[in-house]
Amino acid sequence: MAEWFTEQLAIVPGMRAQIEVTKKLASERSQFQKLEVYETTSLGRMLVLDDVIQCTEFDEQSYHEMICQVPLFAHPNPQKVLIIGGGDGGSVRECLKHKSVQEVHLCEIDKRVVDLCLEHIPSMAGKVTDPRVHCHYEDGAAWAKNHPDTYDIIIVDSSDPIGPAEVLFQFPFYESCRNALKSDGILATQAENFLLHAKIIKELLSFGKKLFPISRYYYTQVPTYPGGMIGFTFFSRKHAHDELVDKRFAESGIKAEEFRFWSVDFHKKAFTLPGATMRDFYS
Ligand code: SAM
């Protein structure tokens, strides 16, 4: 019997999202959060943490391709990648598309997210068991602080800045990530919706400006998120987002068909924002 799952948006008071679900596949409380997996009427399986929709099989590719492929194709030779959060495995899957990537370190605070997604959403989590992947069940902020000069790419695939992810939206964490990157490293982080959360994004961009020569924001469409889109910060120690992408894609051996959303063209255009937002974020 179908029912409606309702998300009340904690960071946008007075707004909610509803998705029709046909079956609750899992429901439990871990040391860190409440975890649920649902079968939905028309969006495939859905992961929910602390009553907040994290992803559905219908459009998770848009989020995961764009948070990962943009930094990966902007870097000349990404070999060692750190993913902070990302226990659903979608970002791991994206990083492994690159032959140059030798190691992916997944630093997820809550092992139960990985276990539940492996069991119920293998289309997303299935690659977590690949031999190139090393899982660390720890706080990502502490991990970044303790690994200076180690990574080519860091992807912060976090939940919203409430609960265990709050620390991942604060200046000391960004400073640790900058230091954990090699001298030409790139940091991409989940950075909310530019219309609904401009204040949070402006603060993140101010951190980026203090720490990196290149500090930008880009975004993509995710219809199942309230507001329909999600953005990311792109903080780079050396290379601009569009400097190497044509050459890197041509030489990568990856076929365009391996992506549903990412393309060289979409990669470049994702950084174009409406006029008022451009002025607000960059002036
Ligand atoms: N990939 C998802 C999407 O499509 O929107 C989003 C998020 S992923 C499930 C977010 C993960 O970040 C959660 O599994 C959560 O446990 C993890 N997380 C939250 N705070 C963390 C921290 N301080 N260190 C490491 N992982 C953290």
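Residues numbered from 1 in each chain as written. Predicted model: local features only at pLDDT ≥ 70, side-chain atom pairs only at ≥ 80, totals over all residues. Heavy atoms only, no water.

Undergrad: Run through the pattern of salt bridges, naming residues and quoting values.
TA: Any two side chains of opposite charge can pair, on the condition that their charged atoms come close. Under the counting rule described, the total for this entry stands at 16 salt bridges. For D115, the salt bridge goes to R112, with nearest N and O atoms at 3.2 Å. Of this pair, D115 and R112 both sit in helix α3 (residues 111-120), three residues apart, which is roughly one turn of that helix. On the accessibility criterion, D115 (23% relative accessible area) is partly exposed. Given the relative accessible area of 31%, R112 is considered partly exposed. Residues D280 and K202 are paired through a salt bridge, measuring 2.8 Å at the closest nitrogen-oxygen approach. Of the two residues, D280 is situated in helix α10 (residues 275-282) and K202 in helix α7 (residues 198-211); the sequence distance between them amounts to 78 residues. (Salt bridge = Lys/Arg side-chain N within 4 Å of Asp/Glu carboxyl O. Helix = DSSP H or I, 4+ residues; strand = E, 2+ residues; numbered from the N terminus. Buried < 20%, exposed > 50% of the residue type's maximum accessible area, 1.4 Å probe, protein only.)

Undergrad: Talk me through the domain arrangement of the protein chain; I want residue IDs and the actual numbers.
TA: According to the domain assignment, the protein chain consists of domain 1 (3-56) and domain 2 (60-282). Computed over C-alpha atoms only, the centres of domain 1 and domain 2 are separated by 22 Å. On the domain 2 side, the residues contacting the 26 residues of domain 1 number 24 residues. Of the roughly 2100 Å² buried between domain 1 and domain 2, counting both surfaces, carbon and sulfur atoms make up 70%. (Domains from an automatic or database assignment. Contact = heavy atoms within 4.5 Å. Buried area = accessible area lost by both parts, 1.4 Å probe.)

Undergrad: An account of the environment of C107 is requested, with residue identities and associated values reported.
TA: Along the chain, the position of C107 falls in strand β7 (residues 103-107). With a relative accessible area of 1%, C107 lands in the buried category. The spacing of C107 and I84 is 23 residues in sequence and 4.8 Å in space, taken between C-alpha atoms.

Undergrad: With reference to specific residues and values, describe the site of the ligand.
TA: Residues in close proximity to the ligand total 25 residues, the closest being Q54, D88, E108, D139 and Y225. Between an oxygen atom of the ligand and a main-chain N or O atom of Q54, the distance comes to 2.8 Å. Contact between the ligand and H64: a nitrogen atom at 2.9 Å from a side-chain N or O atom of the residue. Its free accessible area being 590 Å², the ligand has 99% of it covered by the protein chains. Those elements giving two or more residues to the shell around the ligand turn out to be β5 (52-56) and α1 (60-74). (Near = heavy atom within 4 Å. Polar contact = N/O pair within 3.5 Å; in protein donor to acceptor, adjacent residues only side chain to side chain. Areas by Shrake-Rupley, 256 points an atom, 1.4 Å probe, with all protein chains shown as cover.)

Undergrad: Tell me about the sheet that holds strand β11 (residues 214-221), and name the residues and values.
TA: Read from one edge to the other, the open sheet built from seven strands follows the order β8-β7-β6-β9-β10-β12-β11, with strand pairing classed as mixed. Single-partner strands in this sheet number two, and they are β8 (133-136) and β11. Pairs of neighbouring strands in the sheet enclose a mean axial angle of 15°, with direction left out of account. Bridge analysis of strand β6 (residues 80-85) against strand β9 (residues 151-157) gives five bridges, and the strand direction is parallel. (Pairing = 2+ DSSP bridges. Axes fitted to C-alpha atoms, helices over the stretch in contact; angles between N-to-C directions.)

Undergrad: Can you tell me about the pairing of strand β4 (residues 45-49), naming the residues and giving the values?
TA: For β4, the buried fraction is high: four of the five residues fall into the buried class. Sheet analysis places strand β3 (residues 34-40) next to β4, joined by five bridges and oriented antiparallel. In the strand pairing of β4, E39 is matched with R45. The turn linking β3 back onto β4 is made up of four residues, and G44 within it adopts a positive phi angle of 70°. Two elements, β4 and β5, share four bridges in a ladder whose sense is antiparallel. The residue of β5 that forms the bridge with L47 is C55. The hairpin formed by β4 and β5 contains two residues between the paired strands, and D50 there has a positive phi angle of roughly 45°.

Undergrad: Account for α7, naming residues and giving values.
TA: Here α7 contains 14 residues, and its C-alpha end-to-end distance of 20 Å stays within 8% of the 20 Å for a straight helix at 1.5 Å per residue. The complete set of buried residues in α7 reads I201, L204, L205, F207, G208 and L211. Buried residues of α7, seen end-on, are gathered within an arc of 155° and therefore sit on one face of the element. What points out from α7, more than 90 degrees from its buried face, is the exposed set K199, K209 and K210. Of the surrounding elements, those touching the buried residues of α7 are α6 (171-180), β11, β12 (229-236) and α10. (Expected span 1.5 Å × (residues − 1). Arc of directions from axis to C-beta.)

Undergrad: Go over the packing of α7 against α10 with me, naming the residues and quoting the values.
TA: Where α7 meets α10, the axes come as close as 9 Å, and the angle between the chain directions of the two elements is 45°. Looking at the two axes, α7 sits oblique to α10. Mapping the contact onto sequence places A198, I201, K202 and L205 in α7 and D280, F281 and Y282 in α10. Within the contact of α7 with α10, the residues separate by chemical class into five nonpolar, no polar and two charged. (Parallel < 35°, antiparallel > 145°, perpendicular 65-115°, else oblique. Nonpolar A, V, L, I, M, F, W, Y, C, P; charged D, E, K, R; others polar.)

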